[in-house]
Amino acid sequence: MVLGVNIDGEPYIADVGFGGLTLTAPLALIPDIEQPTSHEPFRLIATDRSYIMQAYIKQEWKSLYRFDLQEQELPDYEVSNWYVSTHPNSIFVTNLMVAKPDSNCRYALWNNQFTVHYLDGRTEHRVLSTVAELRATLENVFCLNIRSIAEIDRMLQQLIERSCAMT
């Protein structure tokens, strides 16, 4: 869901829910110009009926998604949201994914793989091999309030075991 907003009477877009490369500032709805943010630059490419959102990553423009300006209502999102949050084959049901931009980096967690992408281009990666490490990362880095429930610990342990089996 990309939101159209007006700032000083000019059209902008805001998208705070696009995971690892979410915008950290609104973008002017002007195609074909590089727009700086507190993280990487973005741009919008205009096509016949839509826009393509791109981010400048590792010295090249990468397309992230396409959107148009047709107004959407809540029911337009309900079926897709229901699918990705409930279907047994959805990656959002079968994996743990958390992302957060910070002042000098972006944090990413994919199952038990924790990565920090710094604005200067460095990347740190580590595997969280215990429930305690995973819980501490969710609470301290991502600021999630994880209650100490045995069921959550079992789920986190299964996630770690499944991730280890895949590598």
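Our subject is the structure listed above.
Remember, it's a predicted structure, so these values are computed and weren't measured experimentally. (Residues numbered from 1 in each chain as written. Predicted model: local features only at pLDDT ≥ 70, side-chain atom pairs only at ≥ 80, totals over all residues. Heavy atoms only, no water.)

Caption draft 1: Layout of the pairing of strand 7 (residues 97-101). Pairing geometry for strand 7 and strand 8 (residues 105-110), over five bridges, is antiparallel. Residue A99 lies in a different strand from strand 8, and its bridge partner there is A108. The turn joining strand 7 and strand 8, which pair antiparallel and follow one another in sequence, is formed by three residues. (Pairing = 2+ DSSP bridges. Helix = DSSP H or I, 4+ residues; strand = E, 2+ residues; numbered from the N terminus.)

Caption draft 2: Region of the structure containing the side chain of T115. Examined against the element boundaries, T115 turns out to sit in strand 9 (residues 113-118). Its relative accessible area of 12% is what places T115 among the buried residues. A polar atom in the side chain of T115 sits 3.0 Å from the side chain of H125. Apart from residues no more than four positions distant in its own chain, T115 is found in contact with R106, Y107, A108, T123, E124 and H125. (Buried < 20%, exposed > 50% of the residue type's maximum accessible area, 1.4 Å probe, protein only. Polar contact = N/O pair within 3.5 Å; in protein donor to acceptor, adjacent residues only side chain to side chain. Contact = heavy atoms within 4.5 Å.)

Caption draft 3: Structural context of the sheet that holds strand 9. Strand order in the open sheet made by the four strands is 7-8-9-10, with antiparallel pairing throughout. On the outer flanks of this sheet lie strand 7 and strand 10 (123-127), each paired with one strand and no other. Ignoring strand direction, the axes of neighbouring strands in this sheet form an average angle of 10°. Here helix 3 (residues 131-140) sits on the sheet in contact with strand 7, strand 8, strand 9 and strand 10, set at roughly 140° to strand 10. (Axes fitted to C-alpha atoms, helices over the stretch in contact; angles between N-to-C directions.)

Caption draft 4: Structural detail: the packing of aromatic side chains. Evaluation of the coordinates by the stated rule reveals six aromatic pairs. With a centroid separation of 6.2 Å and an interplanar angle of 85°, the aromatic rings of F114 and F142 are classed as edge-to-face. With F114 in strand 9 and F142 in the loop between helix 3 and helix 4 (150-166), the pair connects residues that are 28 residues apart, well separated along the chain. On the basis of relative accessibility, which here comes to 7%, the residue F142 falls in the buried class. Every member of this aromatic cluster is reached through a ring pair, and the members are Y51, Y65 and F67. Above the face of the Y118 ring, R122 is positioned so that its terminal group lies 4.1 Å from the ring centre. (Phe/Tyr/Trp six-rings, centres within 6.5 Å; stacked < 30°, edge-to-face > 60°. Lys NZ or Arg CZ within 6 Å of the ring centre and 35° of its normal.)

Caption draft 5: Spatial organisation of helix 3. Of all the residues in helix 3, the buried ones are V131, L134, R135, T137 and L138. The buried residues of helix 3 occupy an angular sector of 160° when the element is viewed end-on, so they sit on one face. Projecting away from the buried face of helix 3 at angles above 90 degrees are the exposed residues A132 and N140. (Arc of directions from axis to C-beta.)

No statement about biological role is implied by the geometric values presented.
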